[in-house]
Amino acid sequence: MEMLKKDIQYIKGVGPKKLSLLKKLKIFNVEDMIYHFPRDYENRSFSKKIIELKPGEKVTIYGVIVGQRQSLKVRKGLNINRYLVKDDSGFISITFFNQPYVKNKLKANDSIMLNGKIKMGLQGLEMVNPVFEVVNQGENPTLDTIVPIYSSTDGFTQNQMISIKKNILQMVNDDVVEYMPEIIIEKNKLCGLNFALKRIHFPTSLQEVKIARYRLVFDELLLLQLVLVRIKKKVISSKNSIPLKNNEGLVQFINHLPFQLTGAQKTVLQEIIKDLEDVTPMNRLVQGDVGSGKTIVAIIALYKAVINSCQGALMAPTEILAEQHYTSLKQLLEPMGVRIGLLIGSLTKTKKLELLEKIKEGQIDIIIGTHALIQESVEFQRLALVVTDEQHRFGVRQRAILAEKGENPHILVMTATPIPRTLALILYGDLDISIIDELPPGRKEIKTHGLTQEEKERAYEFAKKELNSGRQIYVVCPLVEESEVIEAKAATDIAEELASTFFQDYTVGLLHGKMKTKEKEEIMKKFTKNEINVLVSTTVIEVGVNVPNATMMIIENAERFGLAQLHQLRGRVGRGHSQSYCILLHNNKSKIAKDRIKIMESTNDGFVISEKDLEIRGPGEFLGLRQHGLPDFKIANLLKHMKVLKRVQSQVEEILQEDPLLSLDKYPSLKTKLEEKFKGFEGI
Ligand SMILES: Nc1ncnc2c1ncn2[C@@H]1O[C@H](COP(=O)(O)OP(=O)(O)OP(=O)(O)O)[C@@H](O)[C@H]1O
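Residues numbered from 1 in each chain as written. Predicted model: local features only at pLDDT ≥ 70, side-chain atom pairs only at ≥ 80, totals over all residues.

Draft legend 1. Seen up close, the overall build of the protein. Each helix and strand in the protein was counted, giving 24 helices and 20 strands. By its C-alpha atoms, the protein is 100 × 65 × 45 Å across when sized along the principal axes. In the protein, buried positions account for 39% of the 684 residues. Long-range pairs, those at least 24 residues apart, make up 72% of the contacts in the protein with a sequence separation of at least 6. (Helix = DSSP H or I, 4+ residues; strand = E, 2+ residues; numbered from the N terminus. Buried ≥ 20, exposed ≤ 12 C-beta atoms within 10 Å, placed from the backbone. Contact = placed C-beta atoms within 7 Å.)

This is the structure we're talking about:
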């Protein structure tokens, strides 16, 4: 075990220069080096005779060094060593550029095995900078036939990397402690840890790669799943929340809503209500596609807190959204006598202090704000429920802040990025999950079309028809990731242009991130009331904005947006009964952009779209593991290893049945490994 923690600088082959390169790769000790796995393998098991070689191919050959080394000093900084090698079919020259150490390794009459690329040189065929191994008389060559290829080895040749790995594995000498309980190993048909760690680097066959990889992927996913579930259990068992048992007036409230809840909304609501009535804090995620009606579910939950003489907080990702929630909550809940407050940056100091005082005194029942809400010095009188969104998850740390103030509220997290359940379990393993998998009735598919920039007039002509029948439209401006200022400028220009050309007979409004909160509010109010017909906006409208009379969205430079973002944006239309449209204007260049637009044209289903997004972007980026404070995967790939993930999840289920709090006392070595791996990670 000690050996694994040994500093990498003491390893043969690691000088000061290499050391700093390794640090960049986050390799600090022997263990890090072992867990730096090959990206791929090269199969060198096919050897050829020299006479069969052709330029351009990569091959293995066996031969004997003929005569002495030829050394050339062409110029400063360029050192060349050349050998002649023969087999029973012919000769080939072997050239090493800037690898001076070969002269100590290769001498006349050595039998060697070489692997490399064949080139046509001045004197016929040659092999340049091959991988080699001297095979002494009577010995079988031990040069690996399946050779690892490492990524991110800038500053290292593959050979150097391989040689360091070999040194390390030799030192470690199968002494890595097996932490996985025998029973789990057997049940899941795993190979031993030492075997896996050795053979993942130096397998003797591709079958071994598979076996070793399965074990390591299994471990990585299992440990992550265990840590997430453990956090959940720990948070849950830490401290009681206020049980919200009173339901007086809740059913009447639901019955008086302007619409009937969908079946999916009802199911999810029941799950939430059950949680809220318990002393165990709720920690629940509600997944639902855009427009599936998550907000009303949150509102009902908040109302339940209020009828239990408690307070609720609703945290929105943007001020515009906070404002919008404020308006809709007021509409629905003020008639019920609920006192609602909006805490945002634009409040004057006096107003803010006044509001804070009211919250503290319990004169406000539901407080709405952005995520600053919790960080700020807000003191509650009796906070029982916090509703937040997935991007600003309410982690253990925030809970701790509140706990210090004597609160341990129930938490409800909302997300509009629907992802397959298996993935959700990994990403949100610390939360219980509810899914709203049904849209309110009467919704029509949003008709989506890609048009090139040259065809944009057609889009605007069509937009006029919508406007003439009293509907409203959004025009979304190009995304300029690096600069909100440029983005704002672009939006301003587009708004001015449209107001003086295509849409001169209509009122055009402008919305961007650089505007003051008050201005933004003003614009949104006017748009909501249809005093603005065309809203030109940057992506500030991406989340949650709800104006059902808006039936068309034109997205400029749609190729700059990712799939999930396009889906979110498009979700701003199609929120009422009328047919809605989305036009994606694009400079149809890259294949990815084309693919994205095709997908958008072909489906409205958020689950399908996020699966495609996952395929296109790859799981790391898609899931934003680091953003969630989790370590990146070293070997597991959530797309490729879905089956292993399922296996892991059912294994965790089994462990949970015996050990509901996941104390892992029965498996001390697994427990130690888990705690060591996630040391410093919130909640563990
Ligand atoms: N059961 C229902 N029947 C009819 N309309 C509904 C129903 N539930 C919600 N709505 C309406 O559907 C629209 C979208 O609802 P809501 O804003 O809650 O969606 P959301 O899931 O939060 O979407 P997004 O993720 O896009 O913000 C709102 O206008 C809301 O009033």
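Picking up where we left off.
Draft legend 2. Unusual backbone geometry, seen in detail. Residue Asn-98 is not a glycine yet carries a positive backbone phi of 50°. Following the sequence through the fold, Asn-98 ends up in the loop between β4 (90-97) and α3 (102-105). Taking the C-beta count within 10 Å as the criterion, Asn-98 has 11 such neighbours and is therefore assigned exposed.

Draft legend 3. Region of the structure containing the site of the ligand. Taken together, the neighbourhood of the ligand is formed by 20 residues, with Phe-259, Gly-293, Thr-295, Ala-416 and Pro-440 sitting nearest. The dominant element in the shell around the ligand, judged by the number of residues it contributes, is helix α10 (residues 294-307), at 3 residues. Its residues assigned to classes, the shell around the ligand comprises 7 nonpolar, 11 polar and 2 charged. The two domains that each donate at least three residues to the shell around the ligand are domain 4 (250-436) and domain 5 (447-603). (Near = placed C-beta within 6 Å. Nonpolar A, V, L, I, M, F, W, Y, C, P; charged D, E, K, R; others polar. Domains from an automatic or database assignment.)

Draft legend 4. Layout of the nonpolar core. In this structure, Leu-302, Leu-412 and Val-536 are the most contacted members of the largest nonpolar core, which totals 132 residues. Ranked by residues supplied to this core, first place goes to helix α7 (residues 206-238) with 12 residues. Leaving out residues up to four positions away in the same chain, Leu-302 has contacts with Gly-312, Leu-314, Ile-366, Leu-385 and Val-387. Counting residues in each nonpolar core, the second largest holds 13 residues, with Ile-61, Ile-94, Ile-112 and Ile-118 among its members. (Core = buried A, V, L, I, M, F, W, Y, C linked by C-beta atoms within 7 Å.)

Draft legend 5. View of the environment of Glu-556. By the secondary structure assignment, Glu-556 is in the loop between β19 (550-555) and α19 (563-570). The sequence separation of Glu-556 and Thr-452 amounts to 104 residues, and the corresponding C-alpha distance is 9.8 Å. Beyond its immediate stretch of four places on either side in the chain, Glu-556 contacts Val-475, Val-476, Cys-477, Pro-478, Ile-494 and Leu-585.

Draft legend 6. Representation of the packing of helix α11 (residues 319-333) against helix α18 (residues 517-528) in the model. Put simply, α11 and α18 touch, their axes get as near as 10 Å, and they point 50° apart. For the element pair α11 / α18, the angle class is oblique. For the crossing formed where α11 meets α18, the hand is right-handed. Each of Glu-319, Ile-320, Glu-323 and Gln-324 in α11 lies in contact with α18, whose residues at this interface are Thr-517, Lys-520, Glu-521 and Met-524. A class-by-class count of the residues in the contact of α11 with α18 yields 2 nonpolar, 2 polar and 4 charged. (Axes fitted to C-alpha atoms, helices over the stretch in contact; angles between N-to-C directions. Parallel < 35°, antiparallel > 145°, perpendicular 65-115°, else oblique. Left-handed = near helix turned anticlockwise from the far one by under 90°.)

Draft legend 7. View of α19. The buried fraction of α19 is high, at 7 of 8 residues. All of the buried residues in α19 are Leu-563, Ala-564, Leu-566, His-567, Gln-568, Leu-569 and Arg-570.

Draft legend 8. The arrangement of the sheet that holds strand β16 (residues 472-476) in detail. In spatial order, the strands read β15-β20-β19-β16-β18-β17; together these 6 strands make up an open sheet with parallel pairing. At either margin of the open sheet sits one strand with a lone partner, and together these are β15 (447-452) and β17 (508-511). With strand direction ignored, the average angle separating the axes of adjacent strands in the sheet is 20°. As defined by bridge partners, β19 adjoins strand β20 (residues 581-586) across 4 bridges and the pair is classed as parallel. When the bridges of β20 are listed, Met-553 appears paired with Cys-582. Running at roughly 165° to β19, helix α16 (residues 456-468) makes contact with β15, β16, β19 and β20 of the sheet. Across the sheet, helix α20 (residues 591-602) lies against β15 and β20, angled at about 150° from β15, the strand it touches most. (Pairing = 2+ DSSP bridges.)

Draft legend 9. Structural context of the environment of Arg-572. Note that Arg-572 resides in the loop between α19 and β20. The exposure class of Arg-572 is buried, given the 26 C-beta atoms found within 10 Å. With near-sequence residues (within four places) excluded, Arg-572 lies in contact with Tyr-474, Ile-541, Val-545, Ala-550 and Met-553.

Draft legend 10. Up close: the packing of helix α9 (residues 263-276) against α10. For the pair α9 and α10, the least separation of the axes is 10 Å and the interaxial angle reads 30°. Put simply, α9 runs roughly parallel to α10. Considering the relative orientation of α9 and α10, their crossing is right-handed. On the side of α9, the interface is formed by Gln-265, Val-268, Leu-269, Ile-272, Ile-273 and Leu-276, while α10 contributes Ile-296, Val-297, Ile-300, Ala-301 and Lys-304.

Draft legend 11. Quick look at the sheet that holds strand β13 (residues 410-415). Ordered in space as β10-β11-β9-β12-β13-β8-β14, the 7 strands form an open sheet in which the pairing is parallel. In this open sheet, the two strands that pair with only one neighbour each are β10 (340-343) and β14 (432-436). Strand-to-strand twist of the sheet, defined as the mean angle between neighbouring strand axes without regard to direction, takes the value 20°. Relative to strand β11 (residues 366-369), β10 runs parallel, the two sharing 4 bridges. Paired with Leu-343 across the bridge in β11 is Gly-369. Against the sheet, α9 makes contact with β8 (283-288), β13 and β14, and its axis sits at roughly 155° relative to β14, the strand it touches most. Across the sheet, α11 touches β9 (311-315), β10 and β11, and the angle it forms with β10 is around 175°.

Draft legend 12. Highlighting the pairing of β13. Burial analysis of β13 places 6 of its 6 residues in the buried class, the great majority of the element. Burial of β13 is two-sided: the residues His-410, Leu-412 and Met-414 facing one way and the residues Ile-411, Val-413 and Thr-415 facing the other way are all buried. Two strands pair when backbone bridges link them, and strand β12 (residues 383-389) and β13 are joined in this way by 5 bridges, in the parallel orientation. Bridging from a neighbouring strand, Asp-389 pairs with Met-414 of β13.

Draft legend 13. Quick peek at the confidence of the model for the protein. Overall, the predicted model of the protein reaches an average pLDDT of 85, with 90% of residues at or above 70. Here the complex is predicted with pTM 0.71, and the ipTM for its interfaces comes to 0.97. (pLDDT = per-residue confidence, 0-100.)

Draft legend 14. Spatial organisation of the environment of Glu-277. Counting through the fold element by element, Glu-277 comes out in the loop between α9 and β8. Spatially, the C-alpha atom of Glu-277 lies 9.5 Å from that of Ser-241, the residues being 36 residues apart in sequence. For Glu-277, the residues in contact, after removing those within four places along its chain, are Pro-243, Leu-244 and Lys-245.

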